[in-house]
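These are the residues of each chain, in order.
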Amino acid sequence: GAVVSQHPSRVICKSGTSVKIECRSLDFQATTMFWYRQFPKQSLMLMATSNEGSKATYEQGVEKDKFLINHASLTLSTLTVTSAHPEDSSFYICSAREGGKRETQYFGPGTRLLVL
Amino acid sequence: EDKVVQSPLSLVVHEGDTVTLNCSYEVTNFRSLLWYKQEKKAPTFLFMLTSSGIEKKSGRLSSILDKKELFSILNITATQTGDSAVYLCAVKTSYDKVIFGPGTSLSVIP
């Protein structure tokens, strides 16, 4: 089946630094990628949707200058948490959708971010 | 390699039917199994299962985990058109990794 990877799987950083998380589709071309944040009690919040070659669409309440998303190729999207603060500590999950297959999303394994 | 498999991948039923969705897994250091319902945006959390044999219920939905046989089922009784969605099964490991299954697309027709 289709595989989506995320890197790094875990990152610890100091407050004020920026952190980049990569999401890659390994065996298919992902025209659309989604970024989620997982909260306690397991709920997932959609942060943004990115389409290859165009600007990401952010959900209400998500600061686009804080969470920079780049989807420069059909296999890679990056999420950069700029000037991270402890409240940004969370589990970030990406998913990817193959072009022309509207129904199926493949999820990555997640990245645990801890901001000290 | 860690993996989560769901079956069937798609299902069409009539309102009022009962459905059973299956999720089997092979992972290293299992911690918990999660069920989500995805309609439009983010998947909505349904259940978290950590112990075998204990049924979790929420209205018409129920789920149970078998850690010996490495699977879980999600039951929906008296289905309604609003139950139409993709149901995702995910397994969390103690390495802080979440592995999602491919999902079961359920369509409930009047």
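Placed above this text is the structure.
Described in the following lines is the structure provided in the data block. (Residues numbered from 1 in each chain as written. Chains lettered and ligands numbered in written order. Predicted model: local features only at pLDDT ≥ 70, side-chain atom pairs only at ≥ 80, totals over all residues. Heavy atoms only, no water.)

1. A word on the sheet that holds strand β7 (residues 61–66) of chain B
Residues and elements named next belong to chain B. What the five strands build is an open sheet, ordered β1-β3-β8-β7-β6; its pairing is antiparallel. Since the sheet does not close on itself, it has two edges, and those belong to β1 (3–7) and β6 (56–58), each with one partner. Neighbour-to-neighbour, the strand axes of this sheet turn through a mean angle of 15°, independent of strand direction. Relative to strand β8 (residues 71–76), strand β3 (residues 19–26) is paired through six bridges, and the arrangement is antiparallel. Note on β8: the bridge partner recorded for threonine 20 is asparagine 75. (Pairing = 2+ DSSP bridges. Helix = DSSP H or I, 4+ residues; strand = E, 2+ residues; numbered from the N terminus. Axes fitted to C-alpha atoms, helices over the stretch in contact; angles between N-to-C directions.)

2. Here's the deal with the sheet that holds strand β8 (residues 76–81) of chain A
Residue and element names in this part refer to chain A. Ordered by their spatial adjacency, four strands build an open sheet running β1-β3-β8-β7, and the pairing between neighbours is antiparallel. For this open sheet the edge positions go to β1 (4–7) and β7 (67–73), each flanked by a neighbour on one side alone. Strand-to-strand twist of the sheet, defined as the mean angle between neighbouring strand axes without regard to direction, takes the value 15°.

3. Details of the pattern of salt bridges
A complete count under the given rule lists five salt bridges over all chains for this structure. Across the pair A:Glu22 and A:Arg24 runs a salt bridge whose closest N-O atoms are separated by 3.4 Å. Under the relative-accessibility criterion, A:Arg24 is labelled partly exposed at 33%. Among the ionic pairs, B:Lys37 bridges to B:Glu39, the shortest N-O distance being 3.9 Å. In this structure B:Glu39 comes out as exposed when scored by relative accessible area, which is 51%. (Salt bridge = Lys/Arg side-chain N within 4 Å of Asp/Glu carboxyl O. Buried < 20%, exposed > 50% of the residue type's maximum accessible area, 1.4 Å probe, protein only.)

4. Considerations on the interface of chain A and chain B
Contacts between the two partners involve 18 residues from chain A, matched on the other side by 16 residues from chain B. Taking both sides of the interface into account, the surface hidden between chain A and chain B amounts to around 1,500 Å²; carbon and sulfur atoms contribute 53%. Among the residues of chain A in contact with chain B, A:Gln42, A:Leu44 and A:Phe107 are the three that bury the most area, contributing 34% of the side total. For the pair chain A and chain B, the interface holds zero salt bridges. Among the secondary structure elements, those contributing two or more residues to the side of chain A that touches chain B are β4 (30–38), β5 (44–51), β9 (90–98) and β10 (105–107) of chain A. Counting residues per element, the side of chain A that touches chain B draws most heavily on β5(A), which supplies three residues. (Contact = heavy atoms within 4.5 Å. Buried area = accessible area lost by both parts, 1.4 Å probe.)

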